[in-house]
Amino acid sequence: MHPVLTLVAQRLALGILLLFAASALIFVGTQILPGDVAQSILGQSATPESLANLRKELGLNEPALSRYFSWLGNALQGDLGTALTNGRDIAESLGSRLGNTMFLAGTAAVISVPLAIFLGLLAVRYKDRWPDKLISAVTLTSISIPEFLIGYVLMYFISVKLGWFSSVAMINDGMSFFEKLNAIALPVMVLVMVVLAHMMRMTRAAILNVMQSAYIETAELKGLSGFQVIAKHAFPNAISPIVNVVMLNLAYLVVGVVVVEVVFVYPGMGQYLVDHVSKRDVPVVQACGLIFAAVYIGLNMLADIISILANPRLRHPK
Amino acid sequence: MKIIPISALIGLFFTFLYFFVAIFAPWIAPYGMAEIVGDVWEPSSSAYWLGTDSIGRDLLTRMIYGGRTTIFIATAATILSFTTGATLGFLAAVSGGWIDQVLSRFVDLIMAIPSLIFALVVLSVMPVTIPVLILVMGLLDATRVFRLSRAVAVDINVMDYVEAAKLRGEGLRWIIFREILPNALSPLVAEMGLRFIFMVLFVSTLSFLGLGVQPPQADWGGIVKENKEGIVYGISAALAPAFAIATLAISVNLVADWVLNRTTSLKGGRG
Amino acid sequence: MSETLLKVRGLKIGATVFPPGEKPHDITIVHGVSFDLAPGKVLGLIGESGAGKSTIGLAAMGYGRGGVKITGGEVFVNGRDILKGGIKGLRELRGAEVTYVAQSAAAAFNPAKKLMEQVTEAAISHGKFSKSDAEKRAVALFAKLGLPDPENIGERYPHQVSGGQLQRVMTALALCPEPDLVVFDEPTTALDVTTQIDVLAAIKEAIRDTGVAALYITHDLAVVAQVSDHIMVLRGGNTVEYGDTDQIINAPVDDYTRALVTVRSIDHEEKSPSDNPVLQVKNITARYKGTNFDVLSDINVELHAGQTLAVVGESGSGKSTLARVITGLLPPSHGSIEFGGHTLTPDLPNRPMEDLRELQMIYQMADVAMNPRQTVGTIIGRPLELYFGLRGEEKRKRIRELLEEIEMGDGFVDRYPAELSGGQKQRVCIARCLAAKPKLIICDEVTSALDPLVADGILKLLLDLQKIEDVSYLFITHDLATVRAIADSIAVMYQGRVVRYGPKSEVLAPPFDDYTDLLLSSVPEMELGWLEKVISSRKMESAGN
């Protein structure tokens with residue numbers, strides 16, 4: 001087998017292993033903590049009978065290991081259990097919410113990725129001049145404010161003061177695509193601002209790193225034009241770090257989405273998760289945690305695989 | 001080294017100011033923390049500089065006490081994450097072998113799950129109290145400190161001067177405290193600033209989601225949560241913490257930048 | 001074509017430096033240098049690090065590396081002042097009229113592109129050749145430069161060919177557009193000595209056959225003497241001496257040039273072996289964890305009290321690994337080491353303090369061998385504390401004595417390593433070893449990171465100290481001139497084995513084994529025509545076989 005394929009296969013296997021380990025960790029995090037889960041769900045005032053009932057319902061009388069495997073087995077078959085609070089099937093409630101979350105995160109990604117790369121290039125082109133300084137000042141500010149506050153700042157100025165977009169991002173199946181886009185304009189803006197800052201900074205660093213290589217000097221000493229140097233020599237080597245930056249930021253986006261959904265009352269997975277954490281609905285929390293972790297691990301794995309594939313030393317071994 | 005740049009001075013000034021206000025909050029705040037002094041969402045006036053909040057408490061007072069809580073939790077969590085993370089990181093780097101393997105793989109695993117998600121999972125079954133918050137945040141963040149301090153220590157550990165110390169017959173204590181630590185301190189101190197900011201953002205986010213500091217205790221995230229309904233009526237009370245968090249974070253960033261720049265200059269003759 | 005191809009007048013070059021904690025300010029690195037170069041001639045620019053030689057070379061292409069700017073003077077190429085043509089004029093010049101060969105070809109090639117594409121790029125983009133003509137020319141150049149499989153080597157990627165080959169491909173890259181002038185910037189410095197001679201010969205032949213002019217930049221006068229018609233000696237951005245090669249080598253006028261020419265002519269009379277071996281390496285075989293081949297196989301050498309054993313070899317020969325085995329950093333898989341009459345414990349952690357004290361080590365890179373956070377006094381004082389329990393005034397007195405011994409005053413006690421020059425750093429490292437009063441010091445390439453004159457000073461110091469302290473040296477080096485200067489006995493290593501071992505006079509006298517012969521004959525000598533002599537004698541030998 002080609003050595004690159006071996007490496008990719010190894011990385012895939014590692015990703016799957018990591019996912020299993022993460023599922024175990026999520027399970028351990030909710031089940032085997034000090035104190036009794038049923039007690040902490042029902043609170044101190046619970047009667048002994050209701051505690052016993054809940055323990056039975058949660059299967060707490062079984063050993064932890066067998067509970068983990070039956071939970072994992074079911075989850076692998078798409079059965080995420082039922083919510084404690086309303087008895088609904090979790091997979092069913094999650095379905096449309098997952099779609100909504102992906103719509104929100106996807107839109108943010110489509111806007112932020114090209115913008116970040118463009119601005120990153122701009123910052124490199126005008127390194128240490130005012131566009132670069134402006135970009136880094138904005139970046140510093142936006143990574144210094146938590147996502148939810150950026151959300152409220154935008155809501156206050158854009159939606160309330162200017163009356164442009166709606167301050168809540170309600171969407172439903174009856175809306176057309178453009179109505180939906182209009183509804184999510186503000187949360188998308190927040191997400192874009194948050195990941196843009198990181199992505200730009202990292203893109204800038206990645207390109208600068210490539211531009212400082214000796215082979216760029218060689219290209220300049222061949223008398224090539226600035227454009228040729230960038231397109232033919234810098235770009236092919238910058239792809240891999242930039243893709244890596246993008247993937248890492250998409251993973252970051254997945255987390256940012258949780259908070260932003262709460263701010264804009266958006267019917268996605270993040271809000272669903274946060275709601276049920278306060279209600280101490282353990283099965284829902286586990287299910288959501290697993291899905292978020294899977295997306296996060298998947299994106300990180302993809303980043304690694306792309307950089308393996310983009311490495312000429314690995315692609316063309318000796 | 002000789003001159004402190006103006007940006008670092010500004011950063012230092014505001015950082016100290018925030019810590020000063022946090023420590024002496026009861027003497028500085030004009031009213032009691034949970035004292036209802038006026039109407040709901042009064043605009044700013046000479047009596048209430050920032051106006052009042054959603055149930056008529058003085059917003060400035062809430063902000064001062066909120067800063068106290070937020071800064072206290074963030075500081076405690078940072079200290080916890082640094083003591084555990086750095087100790088284990090140095091240990092892993094210097095001892096190597098299976099200790100390093102076990103610790104590093106475990107940290108890889110924790111970091112495979114986004115910290116906010118993991119914190120939510122854990123907080124869904126834990127009682128939400130300040131010690132629990134500090135513990136969860138501090139330990140989750142210790143993974144990052146572990147990675148950094150291990151990487152720094154591994155870099156230093158392969159330096160010829162450490163090898164020379166080993167060949168000279170120095171003990172582990174001398175090697176860690178006299179050869180490695182003085183050279184690792186600066187990047188770690190700079191990182192400490194960044195971790196502190198992250199903790200401020202983290203605890204604010206958790207409080208905003210209702211899973212952090214519980215009312216009537218004030219904290220910056222909680223103030224947003226309490227006053228967010230006002231936004232749609234054009235009342236900006238919920239935005240006050242944005243300003244506070246941003247200025248604190250930027251100040252600490254400026255100081256951290258300076259510490260980092262200052263220390264690269266000491267690294268040796270090669271600039 | 002005008003009579004002079006390259007005419008440089010009053011060239012001044014400056015740079016902006018950013019010292020930490022201070023305001024950035026401008027400094028001058030080249031102070032008004034002038035020279036001429038006729039078509040087809042080679043000018044050697046020589047000097048120590050910081051002499052400004054690379055900066056001047058790049059100025060011939062109107063290029064300043066990093067924050068470097070040309071601040072004054074004129075540079076004419078083919079009668080045209082290139083500094084007045086703007087960036088567009090420079091782009092027409094670079095890669096067409098003037099081309100460049102970098103020191104590290106491995107870094108100078110784009111890792112993502114095939115060699116052929118990179119070699120022909122300048123010729124094609126300047127419209128000098130069509131793609132197919134450029135490729136034909138490249139293949140011809142590959143053949144001329146002695147590259148294996150010239151037809152197909154262009155299809156490879158940079159990481160798929162060796163360092164010596166890559167340096168030749170870089171030369172092909174520079175020659176492909178048929179330039180008038182090539183700037184060679186230390187093209188053989190990063191290579192092993194046996195590889196260097198072949199690349200040097202290939203470059204010289206290519207220069208002669210294509211009739212191109214060249215600026216040849218190097219720190220090694222013996223190398224530049226082989227290829228250049230004229231030599232300019234530079235120091236601190238000033239011209240020290242400028243003349244034809246014969247005059248510079250055989251009749252230098254300036255003291256500094258004379259010092260450069262006579263460098264490494266230290267004479268050290270060999271001591272005869274005593275019956276008192278300090279170190280006996282017996283049947284040592286070693287391999288690194290997780291590998292399946294021996295880096296050292298069956299090594300047997302001996303070192304006598306007050307003498308020097310030089311272990312010489314090229315990169316990968318295992319000479320540094322031998323040091324790791326002796327110090328206990330890498331326990332051998334087989335064999336033993338006798339030291340001062342007893343067998344050493346194979347691994348470092350179990351060695352008694354007394355053995356550690358008696359066996360000290362000096363490193364190649366002095367600046368990473370000292371903790372940057374400790375003062376010179378702490379660095380030298382630590383062994384005194386650790387081994388002899390010295391404290392207070394007693395310790396300070398001894399530190400002062402040691403600083404005297406290494407010819408540095410006690411004004412250095414409170415300095416940090418970053419404040420010292422390269423030679424001073426290495427001296428402090430030597431003092432740190434001496435503080436332990438060792439029987440044996442392992443010197444691992446201690447002079448190879450230093451400029452030749454500084455290196456000479458260190459070697460002289462080591463020889464003097466040997467007389468005073470009666471200490472033995474195990475001297476690891478790739479440089480045969482150093483070996484001649486300091487050794488009593490020599491072990492030549494090749495691929496993990498000792499291929500030749502004995503007293504210096506025997507090892508360096510014929511009859512040689514093949515490898516030692518190759519190694520010895522590859523070391524450039526300060527003599528005109530040396531390169532031709534070696535190459536032709538090698539050709540005759542191979543014809544004879």
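Residues numbered from 1 in each chain as written. Chains lettered and ligands numbered in written order. Predicted model: local features only at pLDDT ≥ 70, side-chain atom pairs only at ≥ 80, totals over all residues.

1. So, the overall build of chain B
Helix and strand content of chain B: ten helices and zero strands. Taken from N to C terminus, the helices and strands of chain B fall in the order α-α-α-α-α-α-α-α-α-α. Taken along its principal axes, the extent of the C-alpha atoms in chain B is 75 × 50 × 30 Å. Expressed as a percentage of its 271 residues, the buried residues of chain B come to 51%. When contacts within chain B are restricted to residue pairs at least 6 apart in sequence, those whose partners lie at least 24 apart make up 67%. (Helix = DSSP H or I, 4+ residues; strand = E, 2+ residues; numbered from the N terminus. Buried ≥ 20, exposed ≤ 12 C-beta atoms within 10 Å, placed from the backbone. Contact = placed C-beta atoms within 7 Å.)

2. Examining the nonpolar core
If you look at the biggest cluster of nonpolar residues, it comprises 145 residues, and the most contacted ones within it are Tyr152 and Leu191 of chain A together with Ala119, Leu120, Met137, Val200 and Ile245 of chain B. If one sorts the elements of this core by residue count, helix H11 (residues 226–263) of chain A sits on top with 17 residues. With residues up to four places along the chain from it excluded, the contact list for alanine 119 of chain B reads Val136, Met137, Leu140 and Leu206 of chain B. Formed by 99 residues, the second largest nonpolar core is a distinct cluster that contains Ile156 of chain B together with Met361, Ala436 and Cys443 of chain C. (Core = buried A, V, L, I, M, F, W, Y, C linked by C-beta atoms within 7 Å.)

3. With respect to the pairing of strand S7 (residues 181–185) of chain C
Residues and elements named next belong to chain C. Counting buried residues in S7 gives five out of five residues, a clear majority hidden from the surface. Residues Leu181, Val183 and Asp185 of S7 are buried on one face, and the alternating residues Val182 and Phe184, pointing to the opposite face, are buried as well. Examined bridge by bridge, strand S6 (residues 98–101) and S7 share four bridges and lie parallel to one another. Bridged to valine 98 within S7 is leucine 181. Relative to strand S8 (residues 213–218), S7 is paired through five bridges, and the arrangement is parallel. Counterpart to aspartate 185 in the pairing with S8 is isoleucine 217. Handedness of the crossover joining S7 and S8 through helix H7 (residues 193–210): right-handed. (Pairing = 2+ DSSP bridges. Right-handed = clockwise from strand over helix to strand, strands pointing away.)

4. Points about the confidence of the model for chain C
A residue-level look at chain C finds 98% of positions with pLDDT of 70 or above and a mean pLDDT of 88. Per the prediction output, this complex has pTM 0.79; the corresponding ipTM is 0.80. (pLDDT = per-residue confidence, 0-100.)

5. Observations concerning the interface of chain C and chain A
Listed by partner, the interface residues are 24 residues for chain C and 16 residues for chain A. Those elements that provide at least two residues to the side of chain C that touches chain A are helix H2 (86–93), helix H3 (105–108) and helix H4 (115–125) of chain C. Residue composition of the side of chain C that touches chain A, grouped by class: 13 nonpolar, seven polar and four charged. (Nonpolar A, V, L, I, M, F, W, Y, C, P; charged D, E, K, R; others polar.)

6. Thoughts on the domain arrangement of chain C
Residues and elements named next belong to chain C. The domain architecture assigned to chain C consists of domain 1 (41–57 + 92–261) and domain 2 (306–320 + 348–509). If you average the C-alpha positions of domain 1 and of domain 2, the two centres end up 35 Å apart. Taken together, the contact pairs eight residues of domain 1 with six residues of domain 2. (Domains from an automatic or database assignment.)

7. Looking at the sheet that holds strand S19 (residues 489–494) of chain C
Residues and elements named next belong to chain C. Strand order in the open sheet formed by six strands is S16-S17-S18-S13-S19-S20, and the pairing between neighbours is mixed. The open sheet has two edge strands, strand S16 (359–362) and strand S20 (497–503), and neither has a second partner. Between one strand axis and the next, the sheet turns by 15° as a mean value, whatever way the strands run. The pairing of strand S13 (residues 308–312) with S19 spans four bridges and is parallel. Bridging from a neighbouring strand, valine 312 pairs with valine 492 of S19. (Axes fitted to C-alpha atoms, helices over the stretch in contact; angles between N-to-C directions.)

8. What about the interface of chain A and chain B?
Taken together, the contacts link 40 residues of chain A with 38 residues of chain B. At the level of elements, helix H1 (3–31), helix H2 (37–42), helix H6 (130–142), helix H7 (147–161), H11, helix H12 (269–278) and helix H13 (282–310) of chain A are the ones that each hand at least two residues to the side of chain A that touches chain B. A breakdown of the residues in the side of chain A that touches chain B according to their chemical character gives 30 nonpolar, eight polar and two charged.

9. Looking at the packing of helix H5 (residues 90–125) of chain A against H6 of chain A
Residue and element names in this part refer to chain A. Viewed as axis vectors pointing N to C, H5 and H6 meet at an angle of 130°, and their least axial separation amounts to 7 Å. Our classification of the angle between H5 and H6 gives oblique. Viewed along their axes, H5 and H6 form a crossing whose handedness is left-handed. Note on element contacts: H6 touches H5 through Pro131, Asp132 and Ile135, opposite Leu119, Leu122 and Ala123. Of the residues that constitute the contact of H5 with H6, the class distribution is five nonpolar, no polar and one charged. (Parallel < 35°, antiparallel > 145°, perpendicular 65-115°, else oblique. Left-handed = near helix turned anticlockwise from the far one by under 90°.)

10. Observations concerning helix H4 (residues 64–76) of chain A
The end-to-end C-alpha distance of H4 of chain A is 18 Å, a good match for the 18 Å that 13 residues give at a rise of 1.5 Å each. Among the residues trailing H4 of chain A, glycine 78 of chain A stands out with phi positive, at a value near 90°. (Expected span 1.5 Å × (residues − 1).)

11. Describing the sheet that holds strand S10 (residues 238–244) of chain C
Sheet strands pair by backbone hydrogen bonding; their relative direction is either parallel or antiparallel. Residue and element names in this part refer to chain C. A sheet is described by the order of its strands in space; here six strands give the open sequence S6-S7-S8-S3-S9-S10, paired in mixed fashion. Of all strands in the sheet, those with a lone pairing partner are S6 and S10, marking the two edges. Taking the axes of each pair of neighbouring strands and ignoring which way they run, one obtains an average angle of 15° across the sheet.

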